[in-house]
Structures are given as C-alpha cells and as structure tokens.
4 protein chains.
Amino acid sequence: MSINSFGHLFRVTTWGESHGPALGATVDGCPPGVKIDAADLQHWLDQRKPGQNKYTTQRREADEVEILSGVYEGYSTGTPIQLMIRNTDQRSKDYSEIAEKFRPGHADITYWQKYGIRDPRGGGRSSARETAARVAAGGIARAALGVLAPDLQITGYMVQMGPHGIDRAGFDWNQIDQNPFWTPDPKAAEDWAVYLDGLRKSGSSVGAVIEVTARNVPAGLGAPIYAKLDTDLAAAMMSINAVKGVEIGEGMGAASLTGEDNADEISMGPDGPEYSSNHAGGILGGISTGQEVVVRFAVKPTSSILTTRKTITKSGEDAEIITKGRHDPCVGIRAVPVGEAMMACVILDHILLNRGQIGEELPGKIG
Amino acid sequence: MSINSFGHLFRVTTWGESHGPALGATVDGCPPGVKIDAADLQHWLDQRKPGQNKYTTQRREADEVEILSGVYEGYSTGTPIQLMIRNTDQRSKDYSEIAEKFRPGHADITYWQKYGIRDPRGGGRSSARETAARVAAGGIARAALGVLAPDLQITGYMVQMGPHGIDRAGFDWNQIDQNPFWTPDPKAAEDWAVYLDGLRKSGSSVGAVIEVTARNVPAGLGAPIYAKLDTDLAAAMMSINAVKGVEIGEGMGAASLTGEDNADEISMGPDGPEYSSNHAGGILGGISTGQEVVVRFAVKPTSSILTTRKTITKSGEDAEIITKGRHDPCVGIRAVPVGEAMMACVILDHILLNRGQIGEELPGKIG
Amino acid sequence: MSINSFGHLFRVTTWGESHGPALGATVDGCPPGVKIDAADLQHWLDQRKPGQNKYTTQRREADEVEILSGVYEGYSTGTPIQLMIRNTDQRSKDYSEIAEKFRPGHADITYWQKYGIRDPRGGGRSSARETAARVAAGGIARAALGVLAPDLQITGYMVQMGPHGIDRAGFDWNQIDQNPFWTPDPKAAEDWAVYLDGLRKSGSSVGAVIEVTARNVPAGLGAPIYAKLDTDLAAAMMSINAVKGVEIGEGMGAASLTGEDNADEISMGPDGPEYSSNHAGGILGGISTGQEVVVRFAVKPTSSILTTRKTITKSGEDAEIITKGRHDPCVGIRAVPVGEAMMACVILDHILLNRGQIGEELPGKIG
Amino acid sequence: MSINSFGHLFRVTTWGESHGPALGATVDGCPPGVKIDAADLQHWLDQRKPGQNKYTTQRREADEVEILSGVYEGYSTGTPIQLMIRNTDQRSKDYSEIAEKFRPGHADITYWQKYGIRDPRGGGRSSARETAARVAAGGIARAALGVLAPDLQITGYMVQMGPHGIDRAGFDWNQIDQNPFWTPDPKAAEDWAVYLDGLRKSGSSVGAVIEVTARNVPAGLGAPIYAKLDTDLAAAMMSINAVKGVEIGEGMGAASLTGEDNADEISMGPDGPEYSSNHAGGILGGISTGQEVVVRFAVKPTSSILTTRKTITKSGEDAEIITKGRHDPCVGIRAVPVGEAMMACVILDHILLNRGQIGEELPGKIG
C-alpha cells in the first residue's frame, strides 16, 4: 500500500517521477461549477518552478500543466480532474554513481531496501519534483475556496534560514513577494542573500522554517478526534519532502508556557468572539476558532552537497560520495508555495467535511 | 464526518465521553493468534491512570478494561476487539458554569460552535480521558508487535517541563520509571518536583515536551508519499489532546543545520548499514532506516487553572472564568504512555502495510 | 485488515460474536442535534429479534440496546455513538462437534483456514447475530433521516420463499406487518405458513428473496464512478450473512429487455420529472432519480439442518455432520429488517456525501 | 465526494471523459518488481476496444496505453503507475440535441440534476469509455497476480443475450475466444449472431448476462464483515456501467434451494478439502474456499436506440428523442473484458490484504 493520496472528500493522488515522461495529480471531489483556468494553476506552479533565481536549482522545467479531465468549458464538472506536467529537462546525465551508492540523508537507501528497485534518475519518486503536482492540485483547491470561502487568504513565507530567524517586529505582508526568499522581513532578505551566496558557492546547503498563515478561516472546521484540523495540517506538511517538524500556533514553544500565559482570552466583538492572542494558532480541540490558522514547518538541508561524505554501495562496500550538478542551496525556498498548496487542500477538504456532517450553517451561534 | 478512527490496516476507533457510562476502542485488523491478556492491557492503562501521585489529577478511576469481543480463549481471532472502560468517578459536580461559559484555550467554544450541542461534563468528548482508549488499543498493538517484531522497544519519556529541559549527558534509560515524570534525567526529576509543586499549589499549569523512541524498528516501514512513517507519526501525536508541535529526529532544529552536518554518514556493519548519527530520527524518505525512530511532541498547559481569565458566555456576554476542582498541573506527564501507545499503533500498522504490499522479506538486500 | 466498517461519512463499525459477552456498533459521523431514543432503536431491534414466532430460531435474546456514548440529554452530539447489546442466552451447549467438524455451506471452514482460530460457539463472528448491530445502527440512520429527509420511507418485505414468489397483483403495503413473513401478499403469507411448517418439522431450511424499497428518496444521491448509489447498496446487501445475489430495479431481468422496453420515459410533472416506469430502480448512472429506489437480494437457506451431510474434521478426516438445536428454517425472514437498516445507512451516507461535495441544493434545476 | 477510486491496498482511480483529450487510471499499491509491459496491457485493451466487429460500436479508437510513471526498466517500482489513453476519434458531431434533452434510461438527467454541468459529448464521464481505464488497470493486476498467484486463471464469458441463455451442457472453455460474443457455447454463438443482426439493423439494443470465473483462487481471501470477497466483487461489478444485478455462485437462485440442496458437501482430497458442488461460488462467510470463484452480472440494454422515446428538455419541456449515430446493440459484449479486469483487481487486492493481516501462509491447516 504505497498510499499516494491524501484528503477525505477533496482527495488528491499524485504520481510520477523526477525523470519519467510526466508527473501529475488526480484530483477527486472538487465541487462542480468552479471556474478552473490553466493559467491560474500556472501562476502557482511558476512560483515553485526551479531556476527562478540563482538561489534555486538551475534545472529548466517549463512546468506547464495540462488539464486532461474534469473540466468542461472552463468549469469543474464534479468528476476527477487530471493534471499532467511533462518533464522536459531530463538532462542526459550519468546516474551510475547515484544508482550504486546511497547519498547520506537521502531516501536512496530506504527506497532500495524496501522496494529492491528504484528509478535513480533525479531521485525518482522521492524527488521534490513530486511537489509540483501538489502545487497544481492546490490551485484547484484555491479555485474552489474562492467560491466557498471567498475571504480566505493563504500566505506562506520563510521565517528562518539556517540559524537566522526574522525579526517579527519587521513583519510586512507586502514584502513577501518582493524578495527571492518569500520573507516578510526585508532586512532578513538582505542578510540571507549574502549568507546563501556563500553557501551556494561552497556547494553546501542549509535548512529553513516556513510559516503558512490562513486568514479568514471559517470557524467550525475540523473533525475530532483523529482528523482534527491541526492533525491533518501536521500530516500534510510532514508529508512534504525534507520536512522534520511541524508546529501549530505556539508549537514546541507551548511547552514553556503556563496556563495563564497560554490562555487566549475571549471577548465578544461585533462579528462574534474575539481573542486577546493566538497561541492556539486558530485551532482549539481540533476545530478552527475563526482566528488565523498558523502552521510552521522545518525543512532540512538538501543532502546533495559538494562535500565528500562516507557511504556504502548496494553491494555493501564502504565508499565516499559527492553530489555534483544542479542543486538547491536552500530547498526551503521552493517549499513555500508547496506549504500554501497543502494548506489550501486541507482547508477545502474540511469545509466539505463540515458541510457533509453539519450542513451549510454552524448550529452553535453565540449571542 | 467526525472521523474517530486512525490507522490503515490496524485500525482503531475510539468512542466515549469523560462522564458518560463508558468509553473504549474498537480495534480492527489485529492479526489472529496473538495472546491478549486483560492484565497486560491493564499494565499500560495503570500508567496513564489519574491520581497516581500528587502531580496528576485526583480523579479516581479504576480504568479497568473489559474485552468484549475478538478474543477467544486468550488469543485474538482476527475479528474486531472491543475494549470498554467504565467511567466510575463521575463526581456529582455542578457543571452549570462550564456549560454556559467557555474556558479560554479549551475546546469548549469550538465544539459549541460546530455542533450546537456538547456534553459539558468533564469536557465530554474533548476530554483527555479519551486517551485511555488509545492506551488500551496500544496494548493490543504491543501484543501483536511482540509476535511480529519481538526486539522492538518503545519508550516514552519527558525531556522538558515548562522551560526546563533535561541534560542529555545525564540520560539514563533505567531512570525513566523511577520518578513520577518519566524522565531519564534524575537531576531534572528532582528539580521538576520542586517546580511543579509550586505550580500545583498556585493552581497554575505548565507545558512539556515528550519524546518517544522506538528501538529495533525494522528497516523498510513506511508508505510514501502521503502515509510516510513520519507523516503518520506526526498525525498520531498531533491528534493527542493539547499537542501543538511534533518533531522527527532533529525536528525544528534541522532548519539550522547545513547539509554536511545533517548527513548521517553510512558505513557497513556486520548486520547491515550503520550510521554515524541520527539526525533523521530513523526515517528517510518516509521509510524507516533501522535506526531508532525518535519523535517528540509538545503538550500545552491545561486551560483548567485557578487564575481568573476573561471569556464570554453562550449568549455572547463578556464574563470571567476560573476552573476549580481536580486538575493536572502538567498534563504532559500523563501523555507519556499515550505517546507510546500511538507509536505502537503506527508501527504495527506499517508492519502490516509493508507485509501487504511487499511481503515478509524486504527485496532490497545490501551486500 | 478485517474491515468491519462500512460507509463513507456515516460510518458504522460492528463488533462482537454470537456468544461473547456483548456485540454492538460504533456509529461515527451522525449529524449533531438528532433526537436519539433507545426505545426507538429497540423498535427496530425487536423486529429482527429471534424467537418472535415459530418460524424463527428459538434462541431467547432480549436484544436490549445500551447507548454508551455520543448522545447527550437525548440528542446526538456529533461524536461517535456506541451501541451495545449484551448476549444473554448463551446456552451452555456442547460445541465440541462444531468445533471439530465444518458445516457444509457454512463459514466454519474458511474462518478456520484463514485465521487458524475461531470462536465456534454459535458461529462466532460469522453468526447472523452480527446483524443485530446493523439494525441498531440503522435506527440511528433512520433518526437522522427523519431530520434530513423527513418524507423518506424505507420498507422491506419478502417477495419469494423457496420457489414460491408473491403475486405482484396482490401487493398491499398495509399487509407487510400483518404476517410473520413481512410479505405484502396475504395469499402468499397463508401458503408460506403451511410450506414453512413442513420444512421446520423436517429440520430443513429454505432460501428467500427480500425486496427493500425506499420512497421519496431525494434526486441527486450517488457518487459515481465507484461509490454509485447502486454500487454501495449492492455492497451493503451482499455483506449481509447468506446473501448470494443483489438486484437493482429490473435486476438480472434487465438482460432480457430491449432498449425500447427498458427506457423509463420521462415527462414533466408539477414537481419535476416523472417517469413512465421504473426499470432503473430509481438510479441512473449511479445517481438517484427521485423515483423509488428498489433493491432485492437473495438469502440462501441456513446450513444448520437436521439432515446428515458429508464433511471433514480439522484433522482432515472424512466425517458426517448434523446440526441439532435451535435454527431458522427461513433466515430470510429475519433479514428483512436488516435489509431496511442497510438501506437507511447507505441513503444517509449519500445524503451527507452529496451535501459535502454539492451543498444543500442540487445545482441542476429542470424547468 | 465523487469517489473515483476502488480497492483497499491495490487502489485504482480512474479519470477522464469520453471526448476529452485523454482518460486513464492511477494505480497505487502494486507490489514492486513486477514485469509490466505496455504490450501486455494492450492485449487486454484490444479485447474491449470498440469497432472490433459489426456487433460493437463503430467508433475507431486505437486505445493505446502509455505508462507515465511507476515502471522503471520494465518493472514496477512500487510507486503509483499512471496509465493514459488518448482519445482520438472525437468525431466532430453535433451534440446540441443531447445537451438539451435527456435520453431515457441514461445518466444524462441525473448528472445534470446533481452537478448542474456535464460534458454531453459522448456521455462525458458517464460513458462506458471509462471502462478502458479499468481494463488497463486490470492488466497491471494480472501482471502482479502472475507473480503472486501464478496458477490463477480469470475468464469472462457471456451466458445470456436478451432472453437467450446458453446450454450449460455445451460449455467449452476453448470456444470462448472463437466467437464475437465471448460465449463458451458455439451453438448459442450462431443463434445470437442472427438475433443480434436483427436488433442492430432495427436500431434496437438488448441486455446480457456475463459470468466471470476465477480458477485456482487461493483459499483464505476475504475480509469479513464488510469487505467480504463477495461484497467487494458485487461492488466491483455493480460499478460497471449498465449493470443492474450481481450474483455469486447460485445467486438469486439460492432463494429456491433447501439447505440440503445448497450444502456443498466436503471431503478430504490429496491437496486439501474438496467439494461435491459449488453453490457457494467459491466463497463462504466472505472468504474464498479454494473452489472456483463464480460471479455473474446483468447488463441492461443501451439507451441509445433508433426508436423515438418521450423525454423532457433541460428547460422542463416535454420532447421526443432518438439517438442516431454509432452505438452498441449489445454493450454486454464489451463488458466481458471489463468484468475480468474487475475480478483481477479485487483478487489481487484481497491477496495483499490477506498478506497484510495474516502473512504469507494461512495459519489454519487442515489435516
């Protein structure tokens, strides 16, 4: 059971390898009558596309998405939407070394052990290239959310590169798309440019922390106990390549707080409950409160580096390895649109789930 | 779709409220022929049971588990196992205040908004009492793991209470069950006792970080892309009450590392691959490497505190609330056996999944 | 993966054996705010209860259902509803013969081969006693349908006993609960009484065909391609013990029709489309038309008979077997309320599914 | 939730419309290391392909399958296999009439009501063209079965056309692929040729009954209670376009039998249990016995006929309709390879499920 699907009612199955003929997503459960435009999907794919600037891998992929089904005269029909992206830049590279040796910190060795066969070209199925399919599917989710939750805004951004975090005092939503790192802190953007240039030139790599915020999320989304909104978000983010940690709201820092500090006090506002703070990250008991939903995840550094590392071969001999060629000094950059896409898919899925069990209006009015 | 189940092949559905007649777990997919002993299940339940010492809630529950189905003459039959725990200490308390006012930081308000009805007694379904059912189910998983992976050892322990972390240099597996905090660092246990006593007396509460380690996990477990072993562990832990962050291996700290530092170098040992370090937490590409699987999660402080907090009523009026009565100054303590239970369920599930798709032997031998 | 659950959003898991302490159903996904009354559930259980008349097994079971969770002050809370039925008449019978020999036509042999262990008392998990849990769950579904589709009427009845079919010309809805066979044809009821008396006295058994009709089903229910309304109904009915065939509308007879005969012609009525006939059984392309949904299923005769049959023992020796004691000469009688319960569960599930993807109004108005 | 997937561990999602750019199947959970050859898949697709003889629709489709992922150097990698079939003969026909009027007995009206939008060209998603994707997926299942159950043989054939059944006395396996009707009775083949010629010329259509037999099915497959082998087969077959009834073994006829007649007596043979008959169709209690698994399903006549039928328009006006152009006088013919494909998918899925829960050997040996 390889389980290449996620979602309950809005269900996405991705398929494809880094260097096969194509990759894509089968999107099932989209409501009918949603305007679906390949150009809109392309907008999101272009954000994730490699080779956008010197800080991301120089692989050249058009990442053009074709809609093969489920859309008629520009609108979703309620039947499965097949999104296909052709691989074009499968550079005729010699993969014999990677085919024989395992990169430390990479899925090479576990895929081999588990399956006894793997496509070594570009990492095959374990490549971050799979995330292009997520971004395409996320575009469908955003289109549906545009109808079902028109005020919803999903924004991802980088809050830490290597050991260097942003200054929250300098947080500016408008800065996020003004720098190659999708960071809301313009000062951090400057510093990181210098820092990453150094890493890039030395053939090294570094990790990052991405935050994704959803504003104007309807209250009442979530399906306790085992498909809580935060549980599904944690699973969605942890499923992204190279992610090692996920936080909701206060996250790991919640451990340090007292009950007094952690309580987001409630008062009655003109449009419903208001909160004095948002340690909860917009979710209580697995159900959205109506506050901003805030998720963070840590992306580890890529294991494809120019420094020699010790490893073994498939025949079990000790060896050394060095990964030449194109690589991402900070793959976290390209994870930003992926995190946004996962947020969109999870929220749409929970809107549909909630509507299924509860209906279109929440029964519990306050006031 | 309230989704009270988790797991793919080993599938657990929990049910029940804090103050209803009973709660329990329906466990489906256990292999047949596994010795199931109510006393063994009780061993794990007793660890989570309230009132064990002055640091946990003084509610008195026997937490006695009854096996109602799926076991014949002491062995699992392969049919669903129903585990029921009667609630006995449903103290005749006045819940009228909690029924009308929402505790800040608690699921009170979201359950109300979503469902328009909730059992306010003890938190109803949102109560951490639900985790007793997880621990019982985890006992079934452990019994099956005893047959399928007899060397596996799952151990949970506390590594941080409030802002106070353990000293990893003083880590001693044998200390874990020698103190009320399940911590491997005896010095931390002493300090925390003083610290928590103070919090308890002042009616405050504090968060914690729990780590769960699985040793001797077979290589090859995991179902990329969307049911990676780490994804399923993240979901399992995030689904526990009050959890706000989950980390695998290096976790959020992976963001700060360079590719050189993060690479767990590989060499060939007498029994297969060996690793110079374990930043990966035993999982690469969503598949277990055979190293220790290491998960950490942060538990927020309970919102039931003796300090007055601002809130609103169901009718939308501003109000103040203070939660008297039994409470846990550090609910993280009782989350330790719950984390272990979730680890057991996830690993068993993935052993069955792997056996389903791959068979009993991994095809990719090294050397 | 023993898979003891069915349904997508309204999801029922049954558990329990014929002679264990109890059996029941875990019902997940019921909308909140539905009035749930144990007495109402009991009404349906009493219909299925053994020992109601001389034509059904003389086992004495009160079949009293306890609601252990998910209902607060008489209304569903949206959390899982646990329904438990204690087994009371576990007659201290000698099961040693059945434990060693396999009844021909019974699950004895396959359960043994697959699991290597089975509870032989009363058939264990393979007993039709499991259907009591379905009926209880169906009672929950009916309560929710009472809110969501108040005009819906689900009626099951027997249309054939052994080789003797009813005369459709004599079909009278009001006769169904006037005879022990739930048949709408009073003449058939008389004839069958004589016929079945003969079979009962000779210790023989016979099969039957049950039809379940749902009237006032909303149009638009169904989830093509693989969870069509008819597909889910077929699975629901085929999962009942002893069922060997399922038909929708014209059923197997559709093979004999020409396209002209099979076309249910459409005209416009005051409240929407009307149909000249209902060969389709109320379902086209897997989606309900608004006509009556008509399902039929065949129940084979019970294999517990007083005539000696050849079989083998667990040790592989040839043997003979005869099943003494309580038995049902026509188990089809007690399958009537079970078929109704499955219909109720499937329709509710599809109402929730439809509401999830589509919303509360169908977008495709006619006229 | 449109639910375009089926299967538990071997999971197939189909996508695509009759006249869109392409259709296909996403196949997840195939074991790794299975030889997958596009030419082998093509073999099965060619059987279902339209225009093979004068008895099937004259639409010209190459039905060439492309493997886009999941196969490396000719072997499955354990990752999802994407199978794509381009639509080539999308004849530039005028669909305006069908777009406005609903064909009686067709999904036109229900798709419209439910979704408010549909692709009218060739029936869109409700077209039997979707079954090409099933046949392709079935080819993957057969390849895996070739490894896991090498003796297994799956054979579909027609046993009834319109009111004309075969003579079981003349059953000859070798005749099945010797006539355009896939019937084992050469005399029936002759008669049906004449009969169908008449129907074809008059622009009429007729139903059929297809039987699919699996020989050398391992004992022990099946997942009671709600994913019994027969339940999953019933769902698989009922999900095929135009199917209205499904039978296992004796099927609807089981209703007419007595317990004595229906008991397949057991004796011990050299290789295990042997049965005197197979009323059960190879399945007892939802688990395979090792006998032949026998499934039958009825296919209704196509609703595209040359006779005028009464209907309504989208605007709710009464109208008449006649369907000109290419059509299948007996679509049952082309359902034969589809039924085989579904059988292959279900059996493989249950082999994987059984291996997951039970392991590679059944624990219950006899003798």
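Residues numbered from 1 in each chain as written. Chains lettered and ligands numbered in written order. Predicted model: local features only at pLDDT ≥ 70, side-chain atom pairs only at ≥ 80, totals over all residues. Heavy atoms only, no water.

*Asks:* Residue-level account of the overall build of chain A, with values.
*Replies:* Across its full length, chain A holds eight helices and 18 strands. Taking 2.2 N^0.38 as the reference for a compact globule, 367 residues should give roughly 21 Å; the C-alpha atoms of chain A span a radius of gyration of 21 Å, in line with that estimate. Across its three principal axes, chain A shows a C-alpha extent of roughly 70 × 50 × 35 Å. Taking as baseline every contact in chain A between residues at least 6 positions apart, the subset at least 24 positions apart corresponds to 70%. (Helix = DSSP H or I, 4+ residues; strand = E, 2+ residues; numbered from the N terminus. Rg over C-alpha atoms; globule rule 2.2 N^0.38 Å. Contact = heavy atoms within 4.5 Å.)

*Asks:* Quick rundown of the relation of the copies chain D and chain B? Include the residues and the values.
*Replies:* The transformation that overlays chain D on chain B combines an axial shift of 0.0 Å with a rotation of 180°, and the residual RMSD is 0.0 Å. What the superposition gives is, in effect, a two-fold axis relating one chain to the other. Relative to the rotation axis, the C-alpha of Gly 356 of chain D is the closest in chain D, positioned 1.9 Å from it. (Least-squares fit on C-alpha atoms with pLDDT ≥ 70 in both.)

*Asks:* Any details on the interface of chain D and chain B? Residues and values, ideally.
*Replies:* Counting from both sides, the interface comprises 14 residues of chain D and, opposite them, 14 residues of chain B. Carbon and sulfur atoms make up 55% of the area that chain D and chain B hide from each other, which totals about 1100 Å². Of all residues in chain D, the largest losses of buried area upon contact with chain B belong to Arg 355, Gly 356 and Gln 357 of chain D, amounting jointly to 45% of the total for that side. Summed over the shared surface of chain D and chain B, the number is zero salt bridges. (Buried area = accessible area lost by both parts, 1.4 Å probe. Salt bridge = Lys/Arg side-chain N within 4 Å of Asp/Glu carboxyl O.)

*Asks:* Before we move on, can you summarise the environment of Thr 308 of chain B with the specific residues and values?
*Replies:* The topology assignment puts Thr 308 of chain B in the loop between strand 16 (293–299) and strand 17 (309–312). The spacing of Thr 308 of chain B and Leu 199 of chain B is 109 residues in sequence and 15 Å in space, taken between C-alpha atoms. Apart from the residues lying within four places of it in its own chain, the contact partners of Thr 308 of chain B are Glu 265 of chain A together with Glu 320, Ile 321 and Ile 322 of chain B.

*Asks:* I'd like to hear about the interface of chain C and chain D, residue by residue, with values.
*Replies:* In this complex, chain C contributes 114 residues to the contact, which on the side of chain D involves 114 residues. Between chain C and chain D, a total of about 9000 Å² is buried, with carbon and sulfur atoms accounting for 60% of that surface. For the pair chain C and chain D, the interface holds two salt bridges. For Glu 265 of chain C, the salt bridge identified is with Arg 309 of chain D, shortest N-O distance 3.8 Å. Counting the contacts that link chain C with chain D gives 59 residue pairs in polar contact (both at pLDDT 80 or more). (Polar contact = N/O pair within 3.5 Å; in protein donor to acceptor, adjacent residues only side chain to side chain.)

*Asks:* Talk me through the side chain of Glu 211 of chain D; I want residue IDs and the actual numbers.
*Replies:* All names here are of chain D. Relative to the helices and strands, Glu 211 resides in strand 10 (residues 208–215). At 2.7 Å, the side chain of Glu 211 and the side chain of Arg 168 are in polar contact. Those residues in contact with Glu 211, other than ones at most four positions away along the chain, are Thr 155, Gly 156, Tyr 157, Val 159, Arg 168, Val 294, Val 295 and Arg 296.

*Asks:* Describe the sheet that holds strand 7 (residues 81–86) of chain D, with residues and values.
*Replies:* Residue and element names in this part refer to chain D. If you trace the five strands from one edge of the open sheet to the other, you get 1-2-3-7-4, paired in antiparallel fashion. The open sheet has two edge strands, strand 1 (5–6) and strand 4 (65–67), and neither has a second partner. Inspection of the sheet shows strand 1 paired to strand 2 (residues 11–16) by two bridges, in the antiparallel sense. Residue pairing across strands places Ser 5 opposite Thr 13, the latter belonging to strand 2. Strands in contact with helix 4 (residues 131–148) are strand 2, strand 3 (22–28), strand 4 and strand 7; relative to strand 3, the strand with the most contacts, it is inclined by about 35°. (Pairing = 2+ DSSP bridges. Axes fitted to C-alpha atoms, helices over the stretch in contact; angles between N-to-C directions.)

*Asks:* I'd love a proper account of the environment of Asp 197 of chain C, names of residues and values included.
*Replies:* Residues and elements named next belong to chain C. Tracing the backbone through its elements, the reader meets Asp 197 in helix 5 (residues 186–201). Sequence separation between Asp 197 and Pro 329 is 132 residues, and the spatial gap between their C-alpha atoms is 8.7 Å. Sequence-distant contacts of Asp 197, that is, excluding residues within four places in its chain, are made with Lys 54, Tyr 55 and Trp 192. Reaching out from Asp 197, the side chain makes a polar contact with the side chain of Arg 200 at a distance of 3.0 Å.

*Asks:* Can you explain the pattern of salt bridges? Please cite residues and give values.
*Replies:* Across all of its chains, the model carries 72 salt bridges over all chains by this definition. Lys 365 of chain C is the partner of Glu 361 of chain C in a salt bridge, and the nearest nitrogen-oxygen pair spans 3.6 Å. For the pair Glu 361 of chain C and Lys 365 of chain C, a shared accessibility class is recorded, and that class is exposed. Residues joined in a network through salt bridges with shared partners are Arg 168, Glu 211, Glu 247 and Arg 296 of chain A. (Buried < 20%, exposed > 50% of the residue type's maximum accessible area, 1.4 Å probe, protein only.)

*Asks:* Explain the side chain of Asp 108 of chain C residue by residue, including any values.
*Replies:* In this structure, Asp 108 of chain C sits in helix 3 (residues 108–115). A polar side-chain atom of Asp 108 of chain C sits 3.3 Å from a polar atom in the side chain of Arg 118 of chain C.

*Asks:* Tell me about the packing of aromatic side chains, and name the residues and values.
*Replies:* Using the criterion set out here, one finds 24 aromatic pairs over all chains in the structure. Sitting over the face of the ring of Trp 173 of chain B, Arg 215 of chain B holds its NZ or CZ atom 3.5 Å from the ring centroid. (Phe/Tyr/Trp six-rings, centres within 6.5 Å; stacked < 30°, edge-to-face > 60°. Lys NZ or Arg CZ within 6 Å of the ring centre and 35° of its normal.)

*Asks:* Outline the packing of helix 4 (residues 131–148) of chain C against helix 8 (residues 332–358) of chain C, supporting the account with residue identities and numerical values.
*Replies:* All names here are of chain C. Closest axis-to-axis distance for the helix 4/helix 8 pair is 8 Å, and the angle between their directions is 45°. In terms of orientation, helix 4 lies oblique with respect to helix 8. Taken as a pair, helix 4 and helix 8 cross one another with a handedness that is left-handed. Counted together, Thr 131, Arg 134, Val 135, Ala 137, Gly 138, Ala 141, Arg 142, Ala 144, Leu 145 and Leu 148 of helix 4 and Pro 337, Val 338, Glu 340, Ala 341, Met 342, Ala 344, Cys 345, Ile 347, Leu 348, Ile 351, Leu 352 and Arg 355 of helix 8 form the full contact between these two elements. (Parallel < 35°, antiparallel > 145°, perpendicular 65-115°, else oblique. Left-handed = near helix turned anticlockwise from the far one by under 90°.)

*Asks:* Now, about the relation of the copies chain C and chain D: what can you tell me, with residues and values included?
*Replies:* Laying chain C over chain D is done by rotating through 180° and shifting 0.0 Å along the axis; what remains is an RMSD of 0.0 Å. The share of interface residues of chain C whose copies in chain D are also at the interface is 100%, consistent with both copies meeting through the same surface.

*Asks:* Please provide a residue-by-residue account of helix 8 (residues 332–358) of chain D, values included.
*Replies:* All names here are of chain D. Between its first and last C-alpha, helix 8 extends 38 Å over 27 residues, near the 39 Å set by a 1.5 Å rise per residue. Helix 8 sits mainly inside the fold: 27 of its 27 residues count as buried. Downstream of helix 8 by one or two residues, Gly 359 has phi in the positive range, about 100°. (Expected span 1.5 Å × (residues − 1).)

*Asks:* Tell me what's going on with the sheet that holds strand 1 (residues 5–6) of chain C, and back it up with residues and numbers.
*Replies:* All names here are of chain C. Spatially, 1-2-3-7-4 is the arrangement adopted by the five strands of the open sheet, whose pairing is antiparallel. Each having just a single partner strand, strand 1 and strand 4 (65–67) make up the two edges of the open sheet. Strand contacts of helix 1 (residues 38–48): strand 4 and strand 7 (81–86), with the helix running at about 150° to strand 4, the strand carrying the most contacts. Along the sheet face, helix 4 touches strand 2 (11–16), strand 3 (22–28), strand 4 and strand 7 and points at about 35° away from the line of strand 3.

*Asks:* Hey, could you go over the pairing of strand 11 (residues 243–248) of chain B for me, with residue numbers and the actual values?
*Replies:* Two faces belong to every sheet, and in a regular strand the side chains alternate between them. Residues and elements named next belong to chain B. Burial analysis of strand 11 places six of its six residues in the buried class, which makes it a mostly covered element. Across five bridges, the pairing between strand 11 and strand 16 is antiparallel. What sits directly across from Glu 247, in strand 16, is Arg 296.

*Asks:* Can you explain the environment of Ile 248 of chain B? Please cite residues and give values.
*Replies:* Tracing the backbone through its elements, the reader meets Ile 248 of chain B in strand 11. Residues contacting Ile 248 of chain B, with those up to four places away along its chain left out, are Met 238 and Lys 244 of chain A together with Asp 230, Leu 233, His 279, Ala 280, Gly 281, Ile 283, Val 294 and Val 295 of chain B.

*Asks:* Tell me about the confidence of the model for chain A, residues and numbers included.
*Replies:* Overall, the prediction assigns chain A a mean pLDDT of 94, with 97% of residues at 70 or greater. We note a pTM of 0.97 for the whole complex and an ipTM of 0.96 for its interfaces. (pLDDT = per-residue confidence, 0-100.)

*Asks:* Give a description of helix 4 of chain D that names residues and reports values.
*Replies:* For helix 4 of chain D, which comprises 18 residues, the first-to-last C-alpha distance of 25 Å matches the rise-based estimate of 26 Å (1.5 Å per residue) to within 8%. Counting buried positions along helix 4 of chain D gives 14 out of 18 residues, so the element sits mostly inside the fold.

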